[in-house]
Amino acid sequence: MALKITVIGTGYLGATHAAAMAELGFEVLGLDVVPEKIEMLSRGKVPMYEPGLEELLRKHVAGIEGSTGRLRFTTSWEEVGEFGDVHFVCVNTPQKHGEYACDMSFVESAFAALAPQLRRPALVVGKSTVPVGSAARLAELLADLAPAGRDVELAWNPEFLREGFAVQDTLQPDRIVVGIGGERGEKLLREVYAIPIAEGSPFVVADYPTAELVKTAANSFLATKISFINAMAEVCEAADGDVAKLAEAIGHDERIGKKFLRAGIGFGGGCLPKDIRAFMARAGELGADQALTFLREVDSINMRRRAHMVELARETVGGSFLGQRVAVLGASFKPDSDDVRDSPALNVAGQIHLQGGQVTVYDPKGMENARRVFPTLTYAPSAPEACRGAHVVLHLTEWGEFRELDPAALAEVVAEPRILDGRNALDAAVWRAAGWTYRAMGRPRV
Ligand code: UDX
């Protein structure tokens, strides 16, 4: 009998995981506590923008014409308990208000609601990013609260998907990491991931704490890499060097590698910033805070980039934003996503607005979310509209659409052809040839 799978929490991670499990051939039941989300997903609609996800969902959601019918959604914990052999917990763990630590309340309530419904042998698999030590504690909680007792096992299987590539990262993961408490966990997860394993994804088996740490360590490394190149950008600015050239040159060393060396306004999103902070907080609790003090520096280098972009913009418009129109291209924290959580672009836009600038924002997909977070900014329906009458244009999220803009045509609509490239992603020579003053972070002014 094929395994039956449930997915608890249908955000970026859960919705993608549920659709991917159906794609791998399993019967899947997704649960969320927000009825509106369940209603949307049941109609084959994805509550966020993620390339390829809606297509995958519609391929499998029951009731949609031509679908396999393998994927259904519910708000009933009882139904989930009855249905599943393997339960994936995919709820989010945001940063706590006013603290570095992560807010475990969604994980806690998911486990508390699920456990009493587990009346037969089952595997619960945590995918949420949690402080190390959580899995061991949650395993005990399951054993205490589940009617099936020790027949319920826990595994921890961190998720490494990148927004914008969520479907690909879930179906062809570059590694599958499982922290297990017993043999059954490993056996069942090898069955769940049989196809990606056969296709070559490495399967790494570890204990609970190691598996939990793999996730936070990976994100800390990535954050460090970005802040490293941004620190080099600061030095390049002081020494009149070119950080893009520097990144290219050091990237040829295979031990360093080219990826994640794009200097600019830094990292944001729902993962890297809060994960490094939660990691520091947890290390503190464990008495290992010294080991991670460097992450404090990583965080502050990153936050400095946003302030630096605001300064560059202010300098460009003559020292004060008052009466100045500022066009902001990009609101999401990265391209191909509508996610504006801790978005550097929106943060810069907000700071300039608070300093008296008249900010107009355009983003291909993130407008609705941006408007919700920053209703006081002005939003334009297209890049040229956002740039109309602008005294400076800021390129803050590197959408493909912005690289395709025609600088000559755009020069006609702005008040001053001045562009600051906060992502080092535009072709400086092309913009300069069209009459623009082009400046980028960590690069010579020319
Ligand atoms: C990240 C991890 O990559 C992923 O493995 C984990 O599961 C979740 O967190 P994500 O948040 O989707 O994924 O974004 P990512 O692609 O890592 O980018 C994070 C931020 O770093 C973005 O704001 C991006 O613009 C920025 N970034 C990335 C840079 O500033 N420079 C770079 O070179 C790369």
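For clarity, every value in this text was computed on a predicted model and none was experimentally measured. (Residues numbered from 1 in each chain as written. Predicted model: local features only at pLDDT ≥ 70, side-chain atom pairs only at ≥ 80, totals over all residues. Heavy atoms only, no water.)

A. Fine view of the UniProt feature "binding site: substrate" (unreviewed entry) in the chain. Feature annotation in UniProt places "binding site: substrate" (unreviewed entry) on Phe160, Leu161, Arg162, Glu163, Lys215, Phe260, Leu261, Arg262, Ala263, Gly264, Gly268 and Lys334, given in this structure's numbering. In sequence the annotated residues extend across 175 residues, and in space they extend as well, their farthest C-alpha pair lying 24.5 Å apart. Structurally, Arg262 is set in the loop between α11 (243-251) and α12 (272-285). Apart from the residues lying within four places of it in its own chain, the contact partners of Arg262 are Ile229, Glu398 and Arg423. A polar contact is formed between the side chain of Arg262 and the side chain of Glu398, at a distance of 2.6 Å. Relative accessible area serves as the criterion here: at 6%, Gly268 is assigned to the buried category. Beyond its immediate chain neighbours, meaning those up to four positions away, Gly268 contacts Pro273, Arg306, Phe333, Arg341, Asp342 and Pro344. (UniProt positions renumbered as here; feature names shortened; annotations may be inferred. Helix = DSSP H or I, 4+ residues; strand = E, 2+ residues; numbered from the N terminus. Contact = heavy atoms within 4.5 Å. Polar contact = N/O pair within 3.5 Å; in protein donor to acceptor, adjacent residues only side chain to side chain. Buried < 20%, exposed > 50% of the residue type's maximum accessible area, 1.4 Å probe, protein only.)

B. Representation of the sheet that holds strand β12 (residues 392-395). Strand order across the open sheet formed by six strands is β11-β10-β9-β12-β13-β14, with parallel pairing between neighbours. For this open sheet the edge positions go to β11 (378-379) and β14 (437-440), each flanked by a neighbour on one side alone. Summarising the sheet, β12 and strand β13 (residues 418-421) pair through three bridges and their orientation is parallel. Note on β13: the bridge partner recorded for His395 is Asp421. Across the face of the sheet, helix α13 (residues 293-316) comes into contact with β12, β13 and β14 while running at roughly 170° to β13. (Pairing = 2+ DSSP bridges. Axes fitted to C-alpha atoms, helices over the stretch in contact; angles between N-to-C directions.)

C. Structural context of the UniProt feature "binding site: NAD(+)" (unreviewed entry) in the chain. Sequence positions flagged by UniProt for "binding site: NAD(+)" (unreviewed entry) are, in local numbering, Asp32, Lys37, Thr93, Thr129, Glu163, Lys274 and Arg341. The largest pairwise C-alpha distance within this set of annotated residues, which runs over 310 residues, is 24.3 Å, so the set is dispersed in three dimensions. By the secondary structure assignment, Thr129 is in the loop between β5 (122-126) and α6 (134-145). When near neighbours in sequence (up to four residues on either side) are disregarded, Thr129 contacts Thr93, Cys102, Lys215, Thr216, Lys274 and Asp275. Among the structural elements, Arg341 can be located in the loop between β9 (325-329) and α14 (344-354).

D. Up close: the packing of aromatic side chains. Applying the stated criterion to the full structure yields four aromatic pairs. Geometrically, the ring pair formed by Phe111 and Trp156 is stacked, given 6.4 Å between the ring centres and 10° between the ring planes. Of this pair, Phe111 sits in helix α5 (residues 105-114) while Trp156 sits in strand β6 (residues 152-156), placing them 45 residues apart in sequence. Given a relative accessible area of 1%, Trp156 falls into the buried group. One Lys or Arg, Arg162, reaches over the ring of Phe165 and ends 4.3 Å from the middle of that ring. It is Arg175 that lies over the ring of Phe160; its NZ or CZ is 3.6 Å from the centre. (Phe/Tyr/Trp six-rings, centres within 6.5 Å; stacked < 30°, edge-to-face > 60°. Lys NZ or Arg CZ within 6 Å of the ring centre and 35° of its normal.)

E. Broad picture of the packing of α12 against α13. At a minimum axis distance of 10 Å, the contact between α12 and α13 shows a crossing angle of 150°. For the element pair α12 / α13, the angle class is roughly antiparallel. Considering how the two elements wind past one another, α12 and α13 form a crossing that is left-handed. Here α12 contributes Ile276, Arg277, Phe279 and Met280 to the contact with α13, which in turn contributes Leu295, Arg296, Val298, Asp299 and Met303. Tallied by class, residues from the contact of α12 with α13 come to six nonpolar, no polar and three charged. (Parallel < 35°, antiparallel > 145°, perpendicular 65-115°, else oblique. Left-handed = near helix turned anticlockwise from the far one by under 90°. Nonpolar A, V, L, I, M, F, W, Y, C, P; charged D, E, K, R; others polar.)

F. Seen up close, helix α10 (residues 208-239). Between its first and last C-alpha, α10 extends 47 Å over 32 residues, near the 46 Å set by a 1.5 Å rise per residue. Once α10 ends, the next one or two residues include Asp240, with phi positive near 60°. (Expected span 1.5 Å × (residues − 1).)

G. Focus on unusual backbone geometry. Positive phi, normally seen in glycine, also occurs at Phe260, with a value near 60°. Inspection of the secondary structure puts Phe260 in the loop between α11 and α12. Even without being glycine, Asn424 reaches a positive phi, approximately 50°. Position of Asn424 relative to the elements: it lies in the loop between β13 and α19 (428-433). Taking the relative accessible area as the measure of exposure, Asn424 reaches 15% and is therefore buried.

H. Up close: the domain arrangement of the chain. Along its sequence, the chain is carved into domain 1 (4-206), domain 2 (216-298) and domain 3 (306-440). Between the C-alpha centres of domain 2 and domain 3 there is a distance of 24 Å. With 13 residues of domain 2 at the interface, the matching set in domain 3 holds 14 residues. Between domain 2 and domain 3 lies a buried interface of about 1100 Å² when both sides are counted; carbon and sulfur atoms form 48% of it. Looking only at domain 2, the three residues that lose the most surface to domain 3 are Arg262, Ile265 and Gly269, adding up to 50% of its buried area. Linking domain 2 with domain 3 are one salt bridge. (Domains from an automatic or database assignment. Buried area = accessible area lost by both parts, 1.4 Å probe. Salt bridge = Lys/Arg side-chain N within 4 Å of Asp/Glu carboxyl O.)

I. Quick look at the site of the ligand. As a matter of local geometry, the ligand sits amid 20 residues, with Phe160, Glu163, Arg262, Phe333 and Lys334 nearest to it. Lys215 places a side-chain nitrogen or oxygen 3.3 Å from an oxygen atom of the ligand. Burial of the ligand by the surrounding chains reaches 94%, relative to a free accessible area of 660 Å². Each residue belonging to the shell around the ligand can be placed in one class, and the counts come to ten nonpolar, three polar and seven charged. (Near = heavy atom within 4 Å. Areas by Shrake-Rupley, 256 points an atom, 1.4 Å probe, with all protein chains shown as cover.)

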